[in-house]
Amino acid sequence: MWRLNKIHHKSRWHQHNIDELRLRRREQERALRQARRDRQLVSKRLLLYEEEEQTGVTMETASGEQDVVSLLLKLQRGGTEKEIHLKALSKVLRESSAQLSFIKQENSMHLLVGLLTGSDAQCRLLAVRCLHELSYSPNTSVASACMAATPYLLTFLSGPTTKFTETCLYTLGNLCPVSEAVKEKLLAQGIIPALASCMENQRHNLAVVEAIGFTLSQLLQATGAIQKIISMVMCSSLPTYLVSFLTPDSEFGLGAAIECAWCLHYLVCSSEDHQELLARGALLHCSAELVSLSGAVTQGHKEDGMELLVCPLLRIVGNLLPSCLVEDLDKNTVFTLLVDALCVFLQAYLSSSPSLARETAWVLNNLTAHSTECCSAVVTLNLVSPLIQLLPVSHGINTMVLRILANIVSKKKELCVQLVQLGLLSALCSTLKMADQEMVTLSLDVLYMLLLTSPQVKEEFLREGGASILEIIQYNDEGEIRRKASYLVDQLLLTQQQHTV
Amino acid sequence: MSRPEFYPLDNISAASGNSEHDPTEASRQQLPEDGNPFSFSPQIVRLHREHDMFEDGDIHRHLYLQDLYTSEAEDRTTLSVSEFPCHISGCSALFSSLGEYEHHYNSLHRNVCSSCRRCLPSARLLDIHIQEWHDSLFAVLAQKQDMYLCLVEGCGQKFRTEKQRKDHLIRIHKYPPDFRFDKLKKERGNKGGRGQEQKVKVIEAVNDVCESEGVCEVLCNPMSDQPEEEESMEICEKEAPLMEDMPSPVQDSEVNALPLKPQYSSRLVLF
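Just so you know, these numbers come straight off a predicted model, no measurement behind them. (Residues numbered from 1 in each chain as written. Chains lettered and ligands numbered in written order. Predicted model: local features only at pLDDT ≥ 70, side-chain atom pairs only at ≥ 80, totals over all residues. Heavy atoms only, no water.)

## Quick notes on the packing of aromatic side chains
Then comes step 1: Applying the stated criterion across every chain, the model contains eleven aromatic pairs over all chains.
Then comes step 2: With a centroid separation of 5.4 Å and an interplanar angle of 40 degrees, the aromatic rings of Y170(A) and F214(A) are classed as tilted. Of this pair, Y170(A) sits in helix α10 (residues 162-175) while F214(A) sits in helix α13 (residues 206-220), and the two are 44 residues apart along the sequence.
Then comes step 3: Take Y170(A): its relative accessible area is 1%, and that puts it in the buried class.
Then comes step 4: Relative accessible area serves as the criterion here: at 0%, F214(A) is assigned to the buried category.
Then comes step 5: Taken together, a centroid distance of 5.8 Å and an interplanar angle of 70 degrees make the contact between W362(A) and F54(B) edge-to-face. Pair noted here: W362(A) is in helix α22 (residues 354-370) and F54(B) is in the loop between α2 (23-28) and α3 (55-65), and the two residues belong to different chains. As far as the burial class goes, W362(A) and F54(B) line up, both buried. (Phe/Tyr/Trp six-rings, centres within 6.5 Å; stacked < 30°, edge-to-face > 60°. Helix = DSSP H or I, 4+ residues; strand = E, 2+ residues; numbered from the N terminus. Buried < 20%, exposed > 50% of the residue type's maximum accessible area, 1.4 Å probe, protein only.)

Here it is as structure tokens:
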């Protein structure tokens, strides 16, 4: 079954040429971006057969339609060769033409369900395999045909077998986004309690946990009826389990943690009331996990695909912080460790994944905006200079970093002199000249706060040619910027005149 | 790339413990009584699911689900840096580093003649320019003695006419013979009198700018063929050194809410 011990290019795409794969990826990326804009971002997962897993070679599928019909006839006759025919059917059903042919045949699904619920265990496994192939189809009518089997699939979730359960889960997960009607039906059939009990029974098997996480994430990504889904999930034991599976396993890898993290992210960002999740330790666990992952980065053990876990963890922390009391933040040391971890990620992902670096900066902004202790931590952990060095980088990173520095200046005025010594004022003399209006505005804000702290800062600024910089800014396009610059110029001039008197 | 939207929470003051600045005020953007336009306060940002900032991460997540994910950086966009604009109005140059911007500014916008607003490449050439173009005494002396100084520093030779100097530059200093020396000195307006617009016809150069050191001027000229006297723009000469010379035309007759921007356009000057 499908595993993520190591992310590698699946040759399922029949592309051994690396360039073709790249092209395929780029095309798919474009399609996904458009889908996201249309609020239609869904994906399905297809399990590979074990032999495909092992050899890395996808089997060739036989030609479709005729085989479907003949196989179904053979299966109807029954007999000892059912397994062989079912296996052949599952391979044939990978083709879309065969899938369409299948659902057109009378009683085909009825037959399959019969085999699914029959006494032959191997046939059950193969029958669910067939359903899984059908569920993966992008064709709505094909996938919807599987609904006849879902009550059984849900019942099987509370069973003990793992392989079988996994396939059931991924099949259900693929069906969730097919349509609103399908989703409603699944909810009515009790998919959420079924997932919860499956988790309770099979939590020792990470492959199943990953599958549960995937299926749940498919439900939580839905836009319709999301509040209903969330309240059902929160009533169950699922959130507690999700929180407990955020650590990658040394053997199994990242797979389960990734799915659980994304589920939590969807839970957090789709609702405003986070007290339940906070009570179950979501913020603490995610923060601790980020700290642990950053340790791996520092030691050079950055795992392939770690960003897939770091990303949802960051988002969970970033969006939970507003709901957390600052007293709770300050009394727990994990958050000062988190400050360091975030700076590690900033450096690590700056060039390879700028959007992830930006999200990291966002979380750090929230931390420093919220907690004065975290502001101090930035300074005491010698993170100010690395942050200042990020100020030239655009992609929205420098504006966020400047906000972080502004937070520190605002909340820890006594540290301003130190910040100036570390080069903040010189950096501002550069950022004030940038084309990015947000950078200029923030720079003026920070400058203003720094100038208020001491006359030495004022003198230092003047020494660095600050007066002429401000004069130039008085010609800026934006009124707000001009007003701020003029205000500062007046302030400075006032002081200068006072000195000459 | 869109900027993050900030969603200040209504009860943030309870959560932030920051009693000094009420964050909700920041979103109102009102000016307090004393006209202080500054109102920064730390903002906790909540991002909703569909936010632009989440786009890349979502895409990677789905590429992963579809077995197309790679952590190789080859598909990643290259890191971009914030740009620095030239602040001279009309000059739309952008630079990716402060050093580049400063080089540009020094090369093209410094050493501006306060009489005719022309930009000279160096202080020395500015001096020569002022002397030859705006000094009435020079004109008088030039009738009787060699006044036209060779433009190449260190040469020191002087010539009776501009043409002689030009020939010298071509012959001795190997300036290209096709260099555009057309100077319309006779069309220059009256010299002297600060604040007078110099109505000098400038022939717009073709794009092949001569790169010879020092001789080629980039003109920053507001008036050329526009009759801007009607606007009665009085160009104030600043006492400040040239590098601070950011001309701010002040209008006596009109009351403007905003200070007028100096109008600059880039044209190639002839020498």
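The structure having been displayed, the exposition proceeds.
## Some words on the packing of helix α28 (residues 437-453) of chain A against helix α29 (residues 455-463) of chain A
Residues and elements named next belong to chain A.
Then comes step 1: The interhelical angle for the contact between α28 and α29, taken along N-to-C directions, is 125 degrees, at an axis separation of 5 Å. Overall, the two elements α28 and α29 adopt an arrangement that is oblique. Two secondary-structure elements touch here, α28 through L447, L450, L451 and T453 and α29 through V457, K458 and F461.
Then comes step 2: Considering only residue class, the contact of α28 with α29 consists of five nonpolar, one polar and one charged. (Axes fitted to C-alpha atoms, helices over the stretch in contact; angles between N-to-C directions. Parallel < 35°, antiparallel > 145°, perpendicular 65-115°, else oblique. Contact = heavy atoms within 4.5 Å. Nonpolar A, V, L, I, M, F, W, Y, C, P; charged D, E, K, R; others polar.)

## A look at the state of the cysteines
Residues and elements named next belong to chain A.
Then comes step 1: Per the stated rule, a full pass over the model turns up zero disulfides over all chains.
Then comes step 2: Of the cysteine sulfurs around C146, a residue in no disulfide, the closest is that of C130, at 10 Å.
Then comes step 3: A relative accessible area of 1% places C146 in the buried class. (Disulfide = S-S within 2.5 Å.)

## Things to note about the UniProt feature "domain: C2H2-type" (unreviewed entry) in chain B
All names here are of chain B.
Then comes step 1: Using the residue numbers shown here, the UniProt feature "domain: C2H2-type" (unreviewed entry) corresponds to residues 86-109 and 150-173.
Then comes step 2: Structurally, residues 86-109 comprises 46% helix and 8% strand, and the distance from its first C-alpha atom to its last is 9 Å.
Then comes step 3: Secondary structure within residues 150-173 divides into 42% helix and 8% strand; the distance between the first and last C-alpha atoms comes to 10 Å. (UniProt positions renumbered as here; feature names shortened; annotations may be inferred.)

## Details of the pattern of salt bridges
Then comes step 1: What the rule picks out here adds up to 27 salt bridges over all chains.
Then comes step 2: Across the pair R403(A) and E438(A) runs a salt bridge, and its minimum N-O distance is 3.8 Å. Remark: E438(A) occurs in helix α28 and R403(A) occurs in helix α25 (residues 397-411); sequence separation between them is 35 residues.
Then comes step 3: A relative accessible area of 13% places E438(A) in the buried class.
Then comes step 4: When salt bridges that share partners are traced, they join E29(A), R33(A), E55(B) and D56(B) into one network. (Salt bridge = Lys/Arg side-chain N within 4 Å of Asp/Glu carboxyl O.)

## Examining α10(A)
Residues and elements named next belong to chain A.
Then comes step 1: The end-to-end C-alpha separation of α10 is 20 Å, in line with the 20 Å expected for 14 residues at 1.5 Å each.
Then comes step 2: Of all 14 residues making up α10, twelve are buried, and the element is well covered by its neighbours.
Then comes step 3: Within α10, burial applies to F164, T165, E166, T167, C168, L169, Y170, T171, L172, G173, N174 and L175. (Expected span 1.5 Å × (residues − 1).)

## Quick notes on unusual backbone geometry
Then comes step 1: The backbone phi angle of N382(A) is positive, close to 60 degrees, even though this residue is not glycine.
Then comes step 2: Take N382(A): it is sitting in the loop between α23 (372-380) and α24 (384-388).
Then comes step 3: Within the chain, K174(B) stands out as a residue other than glycine whose phi angle is a positive 60 degrees.
Then comes step 4: The topology assignment puts K174(B) in the loop between α7 (162-171) and β5 (217-220).

## Section: the confidence of the model for chain B
All names here are of chain B.
Then comes step 1: Confidence in the prediction for chain B averages 64 pLDDT; 51% of positions are at 70 or higher.
Then comes step 2: Ranking the elements of chain B by mean pLDDT puts β5 last, at 32, and α3 first, at 95.
Then comes step 3: Confidence drops under a pLDDT of 50 for residues 1-30, and excluding neighbours within four residues, the segment shows 56 contacts in the predicted structure.
Then comes step 4: A low-confidence stretch, residues 184-271 stays under pLDDT 50, and its non-local contacts, those more than four residues away or across chains, total 158 contacts.
Then comes step 5: The ipTM value of the predicted complex is 0.91, and its pTM value is 0.77. (pLDDT = per-residue confidence, 0-100.)

## Digging into helix α27 (residues 424-431) of chain A
Residue and element names in this part refer to chain A.
Then comes step 1: Most of α27 sits out of view: six of its eight residues are buried.
Then comes step 2: All of the buried residues along α27 are L424, L425, A427, L428, C429 and T431.
Then comes step 3: Contacts from the buried residues of α27 go to α24, α25, α26 (416-421), α28, α29 and α30 (466-473).

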